[in-house]
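# Breakdown of the fold
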Amino acid sequence: MANGSRLISGVTAVGASFIQFCSEMGCVFTFFIKTLKYLFRRPFYWRNLLKQMEEIGVRSLPVVAITATFTGMVLALQSYSGFRRFGAESLMGTVVALSMLRELGPVFSGLMVSGRIGSAMAAELGTMAVTEQIDALVTLATNPIQYLIVPRFLASTIVLPILVLFADLLGIIGGYVVAVYILGTNATVFITNTTKYTVLKDLYFGLLKAAVFGMIIATVSCCQGFNATEGAEGVGRATTRAVVYSSLMILIFDYILTAYLF
Amino acid sequence: MRGNGEIVKIKIENLHKSFGRNEVLRGVDLEIFSGESMVIIGGSGAGKSVLMKCIIGILKPDSGSIYVDGVDITRLDEDKLGEVRKKFGMLFQGGALFDSLSVWENVGFGLRQTRDLSDIEIRRISSEKLRLVGLYGVEDLMPGELSGGMKKRVALARAIAMEPEIIIYDEPTTGLDPVMAHIITDLILDLKYKLRITSISITHDIHAAYKIADRIAMLYKGRIIQTGTPDEIKLTTNPIVRQFLYGMTKGPITDEMEIYRRET
């Protein structure tokens, strides 16, 4: 009896958070549509776009660089210990490059940026919402979606692929350094196998993914911040949700994009 | 003194607004004349802020109409509403200054968005508006560096910068010390005579209400229960209004509250 009711309450809790996630995503989707509606409407706030691009790019670069370098390095270590078992060490470069370009570069950068930038966006917009600054914009003849959201959305969509390009490069360099200087494999083999088996399409796919992740981070985080209520506590909640939901969405969309588009 | 020959500037008819199951406005009817200073009083949670946000078009009411100069703003799309909003200026409770912009950029924000002016020109107009509210030499400070009273004055300067026809004051004296509260009410009076604009204030500060109002309306449980000049309101026989004015702990307002009923 007690076990049964505990089971039911467990199922209820899982169901409730699932329903909440779905309703949040519905809210995010309508927010996304609103953003698209104002994307190319005048006036366009260039200054805000550039400021956001700088903010997102510069703030995230160190953390993305470190993540990518270490990912490439550890990838080389792992693939070496795996491939050595059947004498395929020569393919290390291929594995490192393909994994970085197609998967780990975009996903890890996306997750790091969602932590770094998503939280900042949600906190900033959330504070503006609870202190009525967003309402104030409206009363000063300014559309808050156009002024606040569109620049963040575009900036994040443009900057994320650029960050991922850096991440890809650093990851492969990291893998090369470990493979050649620490594990002592042949440098020429590493480079030839890297270039031989990767095509430009792999890079493009990764960058396209990055752009989609950029849209996800901006939309989810801005939506959470924009709709924050109930003072400091509400802003805290919005910030946490921004990071959790955008990370989840990145992982879900990563699968969908990989499975159905590539 | 109702000014301008009793032309109706804003007319609110049977306005309803709910949030989920919480009915905040339950049929508000109110007329505001051109050039008059209308003060809406009411307790916390009576729906004053929601009413304000409906009037300025930030919130969309569930039913009912709000006519501004004869145009029903509840039926306008976002673009046309934007045009009507240019008639309004609003002073928010906490000031709602933009943290990332300096004082003069805050004051000149609306001008930058709507008019093709150079930075020098915007700065000049901002300084002029700041002088109107008694501030000198604060143009380059950031909002974080200002005291509560100064923030409110900068916000006031921002609200009047676009020369609105209607100005809305949301709790203009809340959170200020008594002296600063008087300075702000004096400023509001001063602006009323200088600029001759229609104003709507919401407050639960009775003294401020008596001072700045041409007429006072009391909002209670989502409806306007009485409207009148300050003198008429002072002599009211309505028990709810009386209890509110004199801050009595016993009366119809507290009788309605669950917590008191349980105790007695």
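The structure displayed is predicted, hence computed values, not measured ones. (Residues numbered from 1 in each chain as written. Chains lettered and ligands numbered in written order. Predicted model: local features only at pLDDT ≥ 70, side-chain atom pairs only at ≥ 80, totals over all residues.)

Per the secondary structure count, chain B includes 12 helices and 10 strands. Relative to its length of 264 residues, chain B is compact, with a C-alpha radius of gyration of 19 Å against a globular reference of 18 Å. Dimensions of chain B along its principal axes, counting C-alpha atoms only, are 65 × 40 × 40 Å. For chain B, the residues scored as buried account for 41% of the 264 residues in total. Of the contacts formed within chain B by residues at least 6 apart in sequence, a portion of 65% connects residues at least 24 apart. (Helix = DSSP H or I, 4+ residues; strand = E, 2+ residues; numbered from the N terminus. Rg over C-alpha atoms; globule rule 2.2 N^0.38 Å. Buried ≥ 20, exposed ≤ 12 C-beta atoms within 10 Å, placed from the backbone. Contact = placed C-beta atoms within 7 Å.)

A count of helices and strands for chain A gives 8 helices and 0 strands. When the helices and strands of chain A are placed in sequence order, the string is α-α-α-α-α-α-α-α. Seen through its C-alpha atoms, chain A measures out along the principal axes to roughly 65 × 65 × 30 Å. In chain A, buried positions account for 46% of the 262 residues. Long-range contacts, defined as pairs at least 24 residues apart, comprise 88% of the intrachain contacts of chain A with a sequence gap of at least 6.

This next bit is on the interface of chain B and chain A. Facing the 15 residues of chain B at the interface are 10 residues of chain A. The set of elements that each furnish at least two residues to the side of chain B that touches chain A consists of helix 2 (78-85), strand 6 (88-91) and helix 4 (109-114) of chain B. Considering only residue class, the side of chain B that touches chain A consists of 8 nonpolar, 5 polar and 2 charged. (Nonpolar A, V, L, I, M, F, W, Y, C, P; charged D, E, K, R; others polar.)

For a regular strand, side-chain orientation follows a simple rule: the groups alternate between the two sheet faces. Residues and elements named next belong to chain B. Counting buried residues in strand 7 (residues 166-170) gives 5 out of 5 residues, a clear majority hidden from the surface. Of the two faces of strand 7, both are covered, the one formed by Ile-166, Ile-168 and Asp-170 as well as the one formed by Ile-167 and Tyr-169. As paired elements, strand 7 and strand 8 (residues 198-203) share 5 bridges and run parallel to each other. Along strand 8, the bridge assignment pairs Ile-166 with Thr-198. Viewed along the sheet, the connection from strand 7 through helix 7 (residues 178-195) into strand 8 turns out right-handed. (Pairing = 2+ DSSP bridges. Right-handed = clockwise from strand over helix to strand, strands pointing away.)

Residue and element names in this part refer to chain B. Across chain B, pLDDT averages 81, with 95% of residues at or above 70. Confidence scores differ between elements of chain B, with helix 12 (residues 258-263) showing the lowest mean pLDDT of 50 and strand 7 the highest of 89. As a predicted assembly, this complex carries a pTM of 0.82 together with an ipTM value of 0.80. (pLDDT = per-residue confidence, 0-100.)

Residues and elements named next belong to chain B. The mixed open sheet is built from 6 strands, whose spatial order is 6-7-8-3-9-10. Of all the strands in the sheet, the pair left with one neighbour each is strand 6 and strand 10 (223-228). This sheet shows a mean twist of 20° between the axes of neighbouring strands, independent of strand direction. Alignment of strand 6 against strand 7, held across 4 bridges, turns out to be parallel. Considered in strand 7, the bridge of Met-90 is made with Ile-168. (Axes fitted to C-alpha atoms, helices over the stretch in contact; angles between N-to-C directions.)

Let us look at the sheet that holds strand 4 (residues 63-68) of chain B. By way of backbone hydrogen bonds, the strands of a sheet pair with one another, either parallel or antiparallel. Residue and element names in this part refer to chain B. Here we have 4 strands laid out as an open sheet, ordered 2-1-4-5, and antiparallel in their pairing. This sheet does not close on itself; its edge strands, each paired only once, are strand 2 (22-33) and strand 5 (71-72). By the bridge criterion, 5 bridges tie strand 1 (residues 8-19) to strand 4 in an arrangement that is antiparallel. Bridge pairing in strand 4 places Glu-13 opposite Ser-65.

This part is about unusual backbone geometry. Even without glycine at this site, Ala-141 of chain A takes up a positive phi of about 60°. Secondary-structure assignment places Ala-141 of chain A in the loop between helix 4 (133-139) and helix 5 (144-182). For Asp-69 of chain B, which is not glycine, the phi torsion reads 50° and is therefore positive. Owing to 15 C-beta atoms within 10 Å, Asp-69 of chain B belongs among the partly exposed residues under this scheme.

Attention shifts here to the environment of Leu-61 of chain A. In this fold, Leu-61 of chain A is placed in helix 2 (residues 46-83). Excluding anything up to four places from it in sequence, Leu-61 of chain A contacts Leu-163 and Phe-166 of chain A.

Of all hydrophobic cores here, the largest spans 140 residues; its most connected members are Ile-40, Leu-51, Ile-55 and Ile-168 of chain B. Looking at this core element by element, the count peaks at 19 residues for helix 3 (residues 92-130) of chain A. Not counting residues within four places of it along the chain, the set of residues in contact with Ile-40 of chain B comprises Lys-48, Leu-51, Ile-200, Ile-202, Ala-217 and Leu-219 of chain B. (Core = buried A, V, L, I, M, F, W, Y, C linked by C-beta atoms within 7 Å.)

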